[in-house]
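Architecture and fold: a report
Each chain is listed here by its residues.
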Amino acid sequence: MKKAFPILGVLTAVLLIYALYMALVWAPTEKTMGNVQRIFYYHVPSAWTAFILFFVNFVASVLYLIKRKPAADIVALVSAEVGVVFCTVVLVTGPIWARPVWGIWWTWDMRLTSTLVLWLIYVSYLFLRRFSSSGQTPTLAAALAVLGALCVPFVYFSIWFFRTQHPQPVMGGGGSIDPRMLHVLLINWLAFSCFAFLVCWSRYRLEKLQRDVDHAHALASLLDPRGSGR
Amino acid sequence: MSAPTGITRATLLKDLRLEWRSKDAINSMLFFSLLVVVVFSFSFDPSAEESRLIAGGLIWVAFLFAAVVALNQTWARELRNQVLDAYRVSPAPANSLFIAKTLGNFIFVTVLEALMTPLFIVFYRLRALGPAWQLLLVAVLGTWALVVNGTFFAAMSLRTRSREIMLPLLLFPISIPALLAMVQSTTAILNGEGARFWIVLLVTYDLVFTTVCLLLFETVLNAE
């Protein structure tokens, strides 16, 4: 297991560099938007990666509620943290793309609004994690994650209806996509997924170590009544 | 009467009786709501025709903030004298307590809405162009959505740091679809447009989240 991490790290680095080259150089230039469109290869894969991570969070939370395994709790925490980071990337690259193309930083179109609400839900999850005392945090956070995940379809559905009543410019141009662009998009997604997995794994190990240290400290101060100087 | 409904009834009546004697929650909610309305009136001309388009949103924001005031005090009484711990070790089902608390909050917020609505009508010169009975339906469904999630999150925030701020931090994001539905349906009814989609969404939201809260409440109450 320990050897796999650096190997995967190198592979991911190579994949990211290749994906970067593909996105910035190899991919064909878009007809109407020009080179600005290339941010699409960061905006969309980040969104897909974030969605997958939030789904992992949901599954891990349900697993924790059923089985009460600490590993499930750590996976839930880790996937939420990394998912929020990728969601932030989506929310930042969105306006960066919108500004030169539409002349505005933000628009309350369906996709951006839904992503913002998704971000808000998972940031509130992270707040609960931070503010509750360590005894009940896993259970409370798991319950919140279930509620949050169930809320997601409502969010998309309600905002979709809200926005289709008053049509807004849709980012990213509808219709079919050039097969070469699709190819670059998928390569970037693969690279981002590998990177996300790497970061999650690293964070998982860090969190597990932290908990083991805390546990050892607690045990030590229990056994030594004069205090362990923590 | 079976034990669970008996417990629910007893807890609910106790809370209502305590509230009736002190009137703490209802007074603070009422005053807070009024303040919100007045402050909002500075940002636009309330009597203009355009106000009909934003009145729905403002009304629900005022009710939302007032509901948070009510929700924050939901469990405060139970924490004193370890009443909640006593409840945990008793064989009483946790859901009875949850339903009692939710119903209590629902009644408080509904009373507030009943008192504030004439004020809104007067301040914003509101006249519903659509069927006014639908506004009643939206009020009931919307209030329930806020209160059921709010009572659940209030229980969740009990042992967190900054308990009072945790409740809105957790409640608002998850309530966004319901809030959108409440505001849009109110605006639609006031302007004589169709609100069926939003009402159906509210019903679905209420059903789903009431079920999930009931399923998870025991876990949250006993999380230790």
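Structure first, text after, so check above.
Residues numbered from 1 in each chain as written. Chains lettered and ligands numbered in written order. Predicted model: local features only at pLDDT ≥ 70, side-chain atom pairs only at ≥ 80, totals over all residues.

Side note on the environment of His183 of chain A
Residues and elements named next belong to chain A. Inspection of the secondary structure puts His183 in helix H6 (residues 179-223). A count of 14 C-beta atoms within 10 Å places His183 in the partly exposed class. In the structure, His183 is positioned 160 residues away from Ala23 in sequence and 9.9 Å away in space, judged by C-alpha atoms. (Helix = DSSP H or I, 4+ residues; strand = E, 2+ residues; numbered from the N terminus. Buried ≥ 20, exposed ≤ 12 C-beta atoms within 10 Å, placed from the backbone.)

A closer look at the packing of helix H2 (residues 40-67) of chain A against helix H3 (residues 70-102) of chain A
Residues and elements named next belong to chain A. Direction vectors running N to C along H2 and H3 enclose 160 degrees, while the axes themselves pass 7 Å from each other. Considered as vectors, H2 and H3 are oriented roughly antiparallel to each other. H2 and H3 meet at a crossing whose hand is left-handed. When grouped by side-chain class, the residues that make up the contact of H2 with H3 number 19 nonpolar, nine polar and two charged. (Axes fitted to C-alpha atoms, helices over the stretch in contact; angles between N-to-C directions. Parallel < 35°, antiparallel > 145°, perpendicular 65-115°, else oblique. Left-handed = near helix turned anticlockwise from the far one by under 90°. Nonpolar A, V, L, I, M, F, W, Y, C, P; charged D, E, K, R; others polar.)

Let's talk about the interface of chain A and chain B
With 26 residues of chain A at the interface, the matching set in chain B holds 25 residues. Elements supplying a minimum of two residues to the side of chain A that touches chain B: helix H4 (110-131) and helix H5 (137-165) of chain A. Element by element, the count of residues in the side of chain A that touches chain B is highest for H5 of chain A, at 14 residues. (Contact = placed C-beta atoms within 7 Å.)

Comments concerning helix H9 (residues 196-221) of chain B
The end-to-end C-alpha distance of H9 of chain B, which contains 26 residues, comes to 36 Å, matching closely the 38 Å that a straight helix rising 1.5 Å per residue would cover. Its axis deflected by about 35 degrees at Leu215 of chain B, H9 of chain B carries its strongest bend there. (Expected span 1.5 Å × (residues − 1). Bend = angle between axes of the 7 residues up to and from the residue.)

Here's the deal with the packing of helix H3 (residues 51-72) of chain B against helix H8 (residues 163-190) of chain B
Residues and elements named next belong to chain B. Contact geometry of H3 with H8 gives a least axis separation of 9 Å together with a crossing angle of 150 degrees. Considering the angle they form, H3 stands roughly antiparallel to H8. Crossing geometry of H3 relative to H8 is assigned as right-handed. Along its contact with H3, which presents Arg52, Leu53, Ala55, Gly56, Gly57, Ile59, Trp60, Val68, Leu71 and Asn72, the element H8 presents Glu164, Leu167, Pro168, Leu179, Met182, Val183, Thr186, Thr187 and Leu190. Here the contact of H3 with H8 is built from residues that sort into twelve nonpolar, five polar and two charged.

In short, the description is geometric, and any link to function would need to be established separately.
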